[in-house]
Amino acid sequence: MNNKKVRPLALAAIASAVALASQGAIAHTRLQTPTVASGANVYNATATTHGCHNAVTNSNSTPVIATSVVFPDESATVQIRDAVPAGQTANDYVAYEGSLEDFVDGGAVFHPDKVKSRDVFNSEDIKRDPTTSNSVGFYAKDGSLPGLDYISLLPFRPGAVFVNEGSCAKSVQYVLAIADICKVTSKTKFSDEVVNLWTPAVGSDFDGPGLHGFNSPATLTVTRSTPLDASCGLGQEVRVVPTAAQINRDLPIPRYWPSAR
């Protein structure tokens, strides 16, 4: 489909489902390389920069013993907004009624390959869509990252995503869901002392309202490599957000976290 200047769903602005924080926020779990060019398949890594809160020392010194990473799959919610000049307040994202393939050619989502590494955690595995068997993320456990003064890099290769050059997409941003686990507990016992949840607030069991990092997920943005058509103006920014159902299915670590009680 050649859709120059695809319009948002409805004329009035629709409130964005999630208000995402900047990728460069300090002391949050983020990607080592948060922005890549269209078609690039560069090696990347999740970067965990601190542990969970320690009430005794009033610091984030509790070690991370496991981490879980989820990329949005084909069921993801697609949102768009018109780009604005640098320095101006960005528009709100609005729901898009069409398909992600209107903005991305071929494979529209990432299916990451984990790079084998035991630098921090002794065991790891790929998360797969139970229907398609496509990879949707990975986890690592059985280790310990000191809560302070150390950074964990979990290497992976995301695969390539190609921006549809016939569209007005300036960039396509993929929102991840990541959990840094300091103690294995049930969901009812989640607190800043046991887990850091870097997830979008979409109504999943892992939103973490009121907890450190609430609604502040990591993102991977794919940028357009060719000029926009003149009819596109400044272009459109696209965002791809995992659904609550996918996060509930894919963020847990099988037979490990969260516990039943």
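What you are looking at is a predicted structure, and each value in this text was computed from that prediction instead of being measured.

Caption draft 1: Just the state of the cysteines, in detail. By the definition in use, this model includes two disulfides. Each sulfur of the disulfide joining Cys52 and Cys182 lies 2.1 Å from the other. On the sign convention where negative is left-handed, the bridge of Cys52 and Cys182, at about 90° about the S-S bond, is right-handed. Of the two residues, Cys52 sits in strand β4 (residues 52-54) while Cys182 sits in the loop between β16 (177-181) and β17 (195-198), which places them 130 residues apart along the sequence. The disulfide partner of Cys168 is Cys232, and the S-S distance across this bridge is 2.0 Å. Handedness of the Cys168-Cys232 disulfide follows from its S-S torsion of about -75°: it is left-handed. On the criterion of sequence distance, the pair formed by Cys168 in the loop between β14 (162-163) and β15 (169-175) and Cys232 in the loop between β18 (219-223) and β19 (236-241) is long-range, its members being 64 residues apart. Classification of Cys168 by relative accessible area gives buried; the value is 0%.

Caption draft 2: Layout of the pattern of salt bridges. The tally for this structure, following the rule as stated, stands at eight salt bridges. Lys187 serves as the salt-bridge partner of Asp205, at 3.0 Å between the closest nitrogen and oxygen. Pair noted here: Asp205 is in the loop between β17 and β18 and Lys187 is in the loop between β16 and β17, with a separation of 18 residues, a long-range link. A single salt-bridge network, built from bridges that share partners, covers Asp73, Asp129, Arg249 and Asp250.

Caption draft 3: Just the pairing of β19, in detail. Counting buried residues along β19, six of its six residues qualify, which places the element largely inside the surrounding structure. Residues Gln236, Val238 and Val240 point to one face of β19 and Glu237, Arg239 and Val241 to the other, with burial holding for every one of them. Both strand β7 (residues 77-82) and β19 contribute to a ladder of six bridges, which runs antiparallel. Along β19, the bridge assignment pairs Gln79 with Arg239. Of the strand pairs in this sheet, β15 and β19 are connected by five bridges, and their pairing is parallel. By the bridge assignment for β19, Tyr174 is matched with Val240.

So, how was this worked out
- Residues numbered from 1 in each chain as written.
- Predicted model: local features only at pLDDT ≥ 70, side-chain atom pairs only at ≥ 80, totals over all residues.
- Heavy atoms only, no water.
- Disulfide = S-S within 2.5 Å.
- Helix = DSSP H or I, 4+ residues; strand = E, 2+ residues; numbered from the N terminus.
- Buried < 20%, exposed > 50% of the residue type's maximum accessible area, 1.4 Å probe, protein only.
- Salt bridge = Lys/Arg side-chain N within 4 Å of Asp/Glu carboxyl O.
- Pairing = 2+ DSSP bridges.

Don't take any of this as a statement about function, it's just geometry.
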